[in-house]
Each structure stands twice: as C-alpha cells, then as structure tokens.
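If you want the building blocks of each chain, they are given just below.
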Amino acid sequence: MSVLYARRRWAVLTVLVLALALVPFSPLAARPAYAAPAVPGDPLTGSGAVTRSVLTAADLTSGAAAGGQALRPAR
C-alpha cells in the first residue's frame, strides 16, 4: 500500500513542478506594453497626472462638487 502512496506523491510533485515551471510562459504572466502606439485623433493621450481635491461631506451635500449646480437625473 505504501507503494501506491509513493507513486501518488511523485505524481503530485511532478505536476506541481511542471506547473511552476510553466507559469512564466502562461498568458496570465504576460506583461503589458510600456507604451501603446498613438492613434490619430485619440483624445485619451497624456501622462495621466491629475490634480485632485478633497471634498468634505458638506461639499458633497451642498452641490459644490458639481460646480454649484444641482445634479439632474439621467433621462
């Protein structure tokens, strides 16, 4: 009976070693491109650096977050 457990242990170990060896070649490990080529007319170009401001609860409830205008529901 111990021979069956030894074979099973070797089979599991072999599968784990193969899985770990093949992980770097899987599509999930693919790295994205550093810079995508620019598309003419694409408005989404830029560095991505933005300025952010902190809104308080009073700002959110007074409508200051919407530029002082009340938000209207979508039609």
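Counting restarts for each chain: residues are numbered from 1 in the order of the written sequence. Owing to the predicted nature of the model, reporting of local features is limited to residues with pLDDT of at least 70; listing and counting of side-chain atom pairs is limited to 80 or more, with chain, interface and lining totals taken over all residues. Hydrogens and water molecules were not included; the side-chain quantities draw on all heavy atoms of the structure.

Draft legend 1. Quick peek at the overall build of the protein. A helix here means a DSSP run of H or I that spans at least four residues, while a strand means a run of E at least two residues long, and both kinds are numbered starting from the N terminus. Looking only at helices and strands, the protein features two helices and zero strands. Under the scheme applied here, a residue whose accessible area is under 20% of the maximum for its type counts as buried, over 50% as exposed, and between as partly exposed, the area being computed with a 1.4 Å probe on protein chains only. Per-residue burial over the protein gives 1% buried out of 75 residues. For the protein, the accessible surface area stands at approximately 7,800 Å², while carbon and sulfur atoms represent 66% of it. A 1.4 Å probe and the Shrake-Rupley method give the accessible areas. Residues count as covered only by the protein chains that appear here.

Draft legend 2. Spatial organisation of a nonpolar patch on the surface. Surface patches are defined over residues having more than 30% relative accessible area and no salt bridge, joining like charges when they lie within 9 Å and nonpolar side chains (Val, Leu, Ile, Met, Phe, Trp, Tyr) when within 5 Å. Criterion for a salt bridge: a side-chain nitrogen of Lys or Arg within 4 Å of a carboxyl oxygen of Asp or Glu. A contiguous nonpolar surface patch, about 340 Å² in accessible area, is contributed by Trp 10, Leu 13 and Val 17. Summarising the element assignment, Val 17 is placed in helix α1 (residues 2–22).

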